[in-house]
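Residue-level structural notes
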Amino acid sequence: AIPLVVAINTSLAARNGMLVRDRIAMERARNLDTIIFDKTGTLTEGEHGVVASVTVGGVDENEALALAAAVEGDSEHMIARAIREAADDRGVETPASDGFEAMKGRGVRAVVDGNEVFVGGPNLLTHLDSAVPSDLQTFAEEAGENAQTVVYLVRAGEPIAAFAMADVIRGESYQVVDALHDLEVEVAMLTGDSQDVANAVATELGIDTVFAEVLPEDKDVTVQELQDQGKLVGMVGDGVNDAPALTRADVGIAIGSGTDVAVQSADVILVQNNPVDVARLVTLSKASYRKMQ
Ligand code: ADP
Ligand code: MG
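Residues take numbers from 1 onward in each chain, read along the sequence in its written order. Chain letters and ligand numbers both follow the written order, the letters beginning at A and the numbers at 1. Two thresholds apply to this predicted model, a pLDDT of at least 70 for residue-level local features and 80 or more for giving and counting side-chain atom pairs, whereas whole-chain, interface and lining totals are computed over all residues.

- Looking up the protein chain in an unreviewed UniProt entry gives the name Copper/silver-translocating P-type ATPase, with the organism given as Halovivax ruber.

Structure, rendered in structure tokens:
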């Protein structure tokens, strides 16, 4: 039989929009030292819009956008959606592409007009070992300082354009960082996005620790590293990319709008898709513990 106090707490949690998949994890939440948040789609809206672009070597801006939209044609990523929308808005015609390939946490690849073309972030450039022309570098630095995500267009091995995308920090993200600090829980952020963007968002929110440019397959390693320091770690995420980290964490928390994979990897699901519920979860766990003593 389920002990009465646990049953009560589980229904209390449910009434607060928390689906508890692992009751032991829910009880553990009261002792969390650090909670790591995924950035995109968790602390931010995850709805990007292209706000600026730059090209090199006399490449036409509309041509660059059309090429990028062609490569992003089959991607579900919000970056892809933003680029296709920008191309639509400008009424540019997207060329045909084939050989589409998604490179998790890096970007996308396709063949257009016989050229291999990539669109992706800093992790892609590292992977391709491409040197970034100074014009693009300056553009990326400025965008990064404004918390804008930059992706590069690489054609036949050469970076030829960059696009800056603005995402919006959710109002509730400010509240949850403050609330967790009041509960003496350290707040960290984990993202595949660039160090610049990550730092800008973290500074804005008052987040204590930043892990940026982390590949999807390494997100759980970050959790493990904190655990190796003796910390009890919570992880909050929404994406397929976050699943291994959610599993690895002492308390894995999925945000309600998240993908099925994230939801299935979590101990607790925040149905209302509100980051503030992360702090309420810790508070609820502390309150139940007191009752049990
Ligand atoms: P996060 O960890 O912030 O949720 P992802 O792991 O989904 O983000 O992506 C990490 C990075 O990989 C993005 O910031 C971007 O640089 C690059 N990326 C991923 N998918 C795409 C895509 N479809 N087009 C361009 N860049 C992409
Ligand atoms: Mg995400």
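Don't stop here, the text continues.
1. Structural notes on the overall build of the protein chain
- Helix and strand counts for the protein chain stand at 13 helices and 13 strands.
- Computed over its C-alpha atoms, the radius of gyration of the protein chain comes to 21 Å, within 12% of the 19 Å expected for a compact globule of 293 residues.
- Each principal axis of the C-alpha atoms in the protein chain carries an extent, and together these give about 70 × 30 × 30 Å.
- For the protein chain, the proportion of its 293 residues judged to be buried stands at 48%.
- For every residue pair, C-beta atoms are placed from the backbone, and the pair is scored as a contact if these atoms sit within 7 Å. Counting only contacts in the protein chain whose residues sit at least 6 apart along the sequence, the fraction spanning at least 24 positions is 61%. Elements are defined by DSSP. Helices are runs of H or I of four residues or more, strands are runs of E of two residues or more, and each kind is numbered from the N terminus. The reference for a compact globule is 2.2 Å times residues^0.38; the radius of gyration itself is calculated from the C-alpha atoms. Buried, partly exposed and exposed are defined by the number of other C-beta atoms within 10 Å of a residue's own C-beta, namely 20 or more, between the two limits, and 12 or fewer respectively, with C-beta atoms placed from the backbone.

2. With respect to the environment of Tyr152
- Here Tyr152 shows up in strand 7 (residues 149-155).
- Sequence spacing of Tyr152 and Leu125 is 27 residues, and the spatial spacing of their C-alpha atoms is 8.1 Å.
- If we ignore the near neighbours within four places in the chain, the residues touching Tyr152 are Gly120, Leu124, Leu125, Leu136, Pro159 and Ala162.

3. Quick look at the domain arrangement of the protein chain
- Entries for the protein chain in the domain assignment read domain 1 (4-45 + 169-292) and domain 2 (49-166).
- Residue ranges for the domains trace back to a domain assignment, done automatically or taken from a database. Placing a centre on the C-alpha atoms of domain 1 and another on those of domain 2 gives a separation of 31 Å.
- Listed per partner, the contact involves 12 residues of domain 1 and 13 residues of domain 2.
- Under the scheme applied, nonpolar residues are Ala, Val, Leu, Ile, Met, Phe, Trp, Tyr, Cys and Pro; charged residues are Asp, Glu, Lys and Arg; polar residues are all the others, including Gly. Among the residues forming the side of domain 1 that touches domain 2, the class breakdown is five nonpolar, three polar and four charged.

4. Structural notes on the nonpolar core
- To form a nonpolar core, buried Ala, Val, Leu, Ile, Met, Phe, Trp, Tyr and Cys residues must be joined through C-beta atoms within 7 Å. Within the largest apolar cluster, 50 residues are counted, with the highest numbers of intra-cluster contacts made by Ile35, Ile36, Met189, Met235, Ile253 and Val268.
- Discounting residues that sit within four places of it in the chain, Ile253 has contacts with Gly234, Met235, Val236, Ala266, Val268, Leu270, Val278 and Leu281.
- The next biggest cluster of nonpolar side chains, apart from the first, holds 38 residues, and it includes Ala68, Val108, Leu136 and Met165.

5. Quick look at the site of ligand 1
- Any residue whose C-beta atom, as set from the backbone, lies within 6 Å of a molecule or strand is reported as near that molecule or strand. Around ligand 1 sit 24 residues in total, of which Thr40, His77, Gly107, Gly121 and Gly192 are the nearest.
- The set of elements that each furnish at least two residues to the shell around ligand 1 consists of helix 3 (39-43), helix 5 (78-90), strand 5 (107-112), strand 6 (115-120) and strand 7.
- Class assignment for the residues of the shell around ligand 1 results in six nonpolar, 13 polar and five charged.
- Residues from two domains meet in the shell around ligand 1; each of domain 1 (4-45 + 169-292) and domain 2 (49-166) gives at least three.

6. As for the pairing of strand 8 (residues 158-166)
- Within strand 8, seven of the nine residues are buried, which leaves the element mostly enclosed by the surrounding structure.
- Here six bridges tie strand 3 (residues 49-55) to strand 8, and the two strands are oriented antiparallel to one another. Counted as the bridge partner of Thr55 is Ala161 from strand 8.
- Looking at chain direction, strand 7 and strand 8 are connected through seven bridges and run antiparallel. Its bridge partner lying in strand 8, Val154 is registered against Pro159.
- Should DSSP find at least two bridges between two strands, the strands are regarded as paired. The loop that links strand 7 with its antiparallel partner strand 8 comprises two residues; one of these, Ala156, has a positive phi angle of about 45°.

7. Brief notes about the packing of helix 4 (residues 61-71) against helix 5
- The contact between helix 4 and helix 5 brings their axes to 9 Å, and the two run at 135°. Relative to helix 5, the element helix 4 lies oblique. For helix 4 against helix 5, the interelement crossing comes out left-handed. On helix 5, the residues touching Asn62, Leu65, Ala66, Ala68 and Ala69 of helix 4 are Ile83, Arg84, Ala86, Ala87 and Arg90. All axes are obtained by fitting lines to C-alpha atoms, using only the stretch in contact for helices, and the reported angles, taken between N-to-C directions, cover 0 to 180 degrees. Orientation is classified from the angle alone, with under 35 degrees giving roughly parallel, over 145 giving roughly antiparallel, 65 to 115 giving roughly perpendicular, and any other angle giving oblique. Each crossing gets its hand from how the near helix is turned against the far one by less than a right angle, where anticlockwise is left-handed and clockwise is right-handed.

8. Quick look at unusual backbone geometry
- Positive phi, close to 60°, is recorded for Asp129, a residue that is not glycine.
- One non-glycine residue, Ala156, lies in positive phi territory at about 45°.
- Its place among the elements puts Ala156 in the loop between strand 7 and strand 8.

9. Here we look at the sheet that holds strand 7
- The six strands lie next to each other as 3-8-7-6-5-4, forming an open sheet whose pairing is antiparallel. Edge strands, defined here as strands with exactly one partner in the open sheet, are strand 3 and strand 4 (98-103). In this sheet, neighbouring strand axes are inclined to one another by 20° on average, regardless of whether the strands run parallel or antiparallel.
- In the packing of helix 7 (residues 134-145) onto the sheet, contacts are made with strand 3, strand 7 and strand 8, and the angle to strand 8 comes to roughly 15°.

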